[in-house]
Amino acid sequence: MSLRPESPRSADPTPIVDVAVGYMAAKQLFAAADAGLFAALADGPQDVPQIAARTGLPERTSRILADAMAGLGLLERTAGRYANSASTAAYLTGAEGEIDLRPFLTFLDEISYGHWLGFGETSRTAEPNRLDLGGDRMTTFLAGVMTYNALHARQLAEHYDFTAHERVLDLGGLSGSFLAEALKAAPGLRGTFFSAGELVGHARGVLAGAGVDDRVEIVEGDAVTGDVPGGFDLVLLEHVAHRFDAEQNRAIVRRARAAAAEGAKLVLLDFFLDSDEQQRGIDALHAGEYLVIDGTIVYPEDEVRGWLREAGWEPVETRALPGSPRILIAEAR
């Protein structure tokens, strides 16, 4: 008879291991998308030799990537044949009418990933790595960022009712996609895009391409110091907060309140650090991403709510958007 006490079952190491090998998953996703694995499956299930023939990859690599994507839930594997999941079919095959996220993955692979290799030093100093946008890197950077913003804009239009409004101001806007999606969702809505620099030209092209430019006024100006028009029943601050410091953000939300009509709503879209029992992972990860890329800030939601209340906005709801930031919805007091 053993006198040795029964040891308790050890804690499950799986969550630690899953996170620790996350870079392996990301790099295989980037490689699969770049090789056209998901596009190769757009017409239906394929086995490994068929995938290899369609992508030009060796069969060994085709099997590794297909199995990895199946293990991550991005492909379905049945009797040795692989098929796209609903999400990869929509976003990684170039499907008509959907947003193709492959430029975003290219940005993560070719721009972001290199910065993260130095994140240890960044975490010790809170200083970003030098952002090199020479050569073709600026094109890769802009294509990736604007593609990801197009996803955010689509998700916002699907999860916020723009038909309840008549005039919307996109103040300090980063991408014309947000107004474009809002106007497509609400045929009676008219919009004003107020921003500065290259963002104005890019927005002009996006809005024209979406066929809604006849309902948009584009005004070039500084969101912190410029003359902002008024009379809007909705003010949209999309990806503004993380691009400015706290004092500048206070000034912007005051200007947003001055531009708002009685009873207007404000929708502030960004990533937030929260005070919930379980922090939303995508927001905290982007806090690191913004820091390591260019030093911009993901603010605590409580701090942002404080700015809004100081400016005469009353926060009423926080709503998460799938695969995207959250929106803080407030009402003019």
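Let me sum up the structure you'll find in this document. Small disclaimer: the values here were computed from a predicted structure and weren't measured. (Residues numbered from 1 in each chain as written. Predicted model: local features only at pLDDT ≥ 70, side-chain atom pairs only at ≥ 80, totals over all residues. Heavy atoms only, no water.)

Here we come to the overall build of the chain. Helix and strand content of the chain: 14 helices and nine strands. The dimensions of the chain, computed from C-alpha atoms along their principal axes, are 75 × 60 × 40 Å. Buried residues in the chain amount to 45% of all 333 residues. Restricting the contact set of the chain to residue pairs at least 6 apart, pairs at least 24 apart contribute 68%. Accessible area for the chain stands at about 16,400 Å²; split by element, carbon and sulfur atoms hold 52% of it. The centroid of the 30 positive side-chain charges in the chain is displaced by 2 Å from the centroid of its 49 negative side-chain charges. (Helix = DSSP H or I, 4+ residues; strand = E, 2+ residues; numbered from the N terminus. Buried < 20%, exposed > 50% of the residue type's maximum accessible area, 1.4 Å probe, protein only. Contact = heavy atoms within 4.5 Å. Areas by Shrake-Rupley, 256 points an atom, 1.4 Å probe, with all protein chains shown as cover. Lys, Arg positive; Asp, Glu negative; His and termini not counted. Charge placed at Lys NZ, Arg CZ, Asp CG, Glu CD.)

Okay, the environment of Pro-300 next. With respect to the helices, strands and loops of the structure, Pro-300 is situated in the loop between helix 13 (281-294) and helix 14 (301-311). For Pro-300, a relative accessible area of 34% puts it in the partly exposed group. Separated by 291 residues in sequence, Pro-300 and Arg-9 place their C-alpha atoms 38 Å apart.

What follows concerns unusual backbone geometry. A positive phi angle, near 50°, is found at Ala-79, a position not held by glycine. Structurally, Ala-79 can be placed in the loop between strand 1 (75-78) and strand 2 (81-84). Judged by relative accessible area, Ala-79 falls into the exposed class, the value being 80%. One non-glycine residue with positive phi stands out, namely Ala-126, at about 60°. Position of Ala-126 among the secondary structure elements: in the loop between helix 8 (119-125) and helix 9 (137-159).

Before going further, it helps to spend a moment on the sheet that holds strand 3 (residues 167-171). With mixed pairing, seven strands are arranged side by side in an open sheet as 5-4-3-6-7-9-8. In the strand order of this sheet, the two ends are held by strand 5 (216-220) and strand 8 (313-320), each with one partner. On average, each strand axis in the sheet is inclined to that of its neighbour by 20°, with strand direction left out of account. Sheet contacts for helix 10 (residues 177-185): strand 3, strand 4 (190-195), strand 5, strand 6 (232-238) and strand 7 (260-270); angle to strand 4, the most-contacted strand, approximately 175°. Across the sheet, helix 14 is in contact with strand 7, strand 8 and strand 9 (326-332); its angle to strand 8 comes to roughly 150°. (Pairing = 2+ DSSP bridges. Axes fitted to C-alpha atoms, helices over the stretch in contact; angles between N-to-C directions.)

With that out of the way, let us pick up the packing of aromatic side chains. Taken as a whole and assessed by the stated rule, the structure comprises seven aromatic pairs. Look at Phe-104 and Phe-107: their rings are 6.5 Å apart centre to centre, the planes differ by 25°, and that puts the pair in the stacked class. Note that Phe-104 and Phe-107 are positioned in helix 7 (residues 102-116) at a spacing of three residues, about one turn of the helix. On the basis of relative accessibility, which here comes to 5%, the residue Phe-107 falls in the buried class. Taken together through their ring pairs, the aromatic side chains of Phe-104, Phe-107, Phe-141 and Tyr-148 make up a single cluster. The aromatic ring of Tyr-113 is capped on one face by Lys-27, whose charged end is 4.5 Å from the ring centroid. (Phe/Tyr/Trp six-rings, centres within 6.5 Å; stacked < 30°, edge-to-face > 60°. Lys NZ or Arg CZ within 6 Å of the ring centre and 35° of its normal.)

Turning our attention to the nonpolar core. Counting residues in each nonpolar core, the largest one holds 33 residues, and the members touching the most others are Leu-37, Phe-38, Met-69, Leu-75, Tyr-82 and Leu-105. Among the secondary structure elements, those contributing two or more residues to this core are helix 2 (22-35), helix 3 (37-40), helix 4 (48-55), helix 5 (59-71), helix 7, helix 9 and helix 13. Discounting residues that sit within four places of it in the chain, Leu-75 has contacts with Leu-37, Phe-38, Leu-41, Ala-66, Met-69, Ala-70, Tyr-82, Ala-83, Asn-84, Ser-85 and Thr-88. In this structure, Phe-194, Ala-223, Ala-241 and Leu-328 belong to the second largest nonpolar core, which totals 32 residues. (Core = buried A, V, L, I, M, F, W, Y, C linked by side-chain atoms within 4.5 Å.)

Attention now moves to the side chain of Ser-324. Along the chain, Ser-324 turns up in the loop between strand 8 and strand 9. Each residue touching Ser-324, except ones within four places of it in the same chain, is listed here: Leu-151, His-152, Gln-155, Phe-271, Arg-280 and Ile-282.

The next thing to look at is the pattern of salt bridges. It is possible for side chains bearing opposite charge to pair when their charged atoms get close. Per the counting criterion, the structure on display carries 19 salt bridges. Among the salt bridges present, the one from Glu-181 reaches Arg-154, with a minimum N-O distance of 3.1 Å. On the criterion of sequence distance, the pair formed by Glu-181 in helix 10 and Arg-154 in helix 9 is long-range, its members being 27 residues apart. Exposure class is identical for Glu-181 and Arg-154. Each is buried. A cluster of three or more residues bridged by salt bridges with shared partners is formed by Glu-98, Arg-154, Glu-181 and Lys-184. (Salt bridge = Lys/Arg side-chain N within 4 Å of Asp/Glu carboxyl O.)

Taken together, the side chains of Ile-16, Val-17, Val-21, Tyr-23 and Met-24 present a nonpolar region at the surface, about 460 Å² in accessible area. Breaking the nonpolar patch down by element, the ones donating at least two residues are helix 1 (14-20) and helix 2. Along the chain, Tyr-23 falls in helix 2. (Patch = residues over 30% accessible without salt bridge, like charges linked within 9 Å, V, L, I, M, F, W, Y side chains within 5 Å.)

The N-to-C vectors of helix 12 (residues 246-258) and helix 14 enclose an angle of 45°; their axes lie 9 Å apart at closest approach. In terms of their interaxial angle, helix 12 and helix 14 are classed as oblique. Remark: the crossing between helix 12 and helix 14 carries right-handed chirality. On helix 14, the residues touching Ala-246, Asn-249, Arg-250, Val-253, Arg-254 and Arg-257 of helix 12 are Glu-303, Trp-307, Leu-308, Glu-310 and Ala-311. Its residues placed into classes, the contact of helix 12 with helix 14 shows five nonpolar, one polar and five charged. (Parallel < 35°, antiparallel > 145°, perpendicular 65-115°, else oblique. Left-handed = near helix turned anticlockwise from the far one by under 90°. Nonpolar A, V, L, I, M, F, W, Y, C, P; charged D, E, K, R; others polar.)

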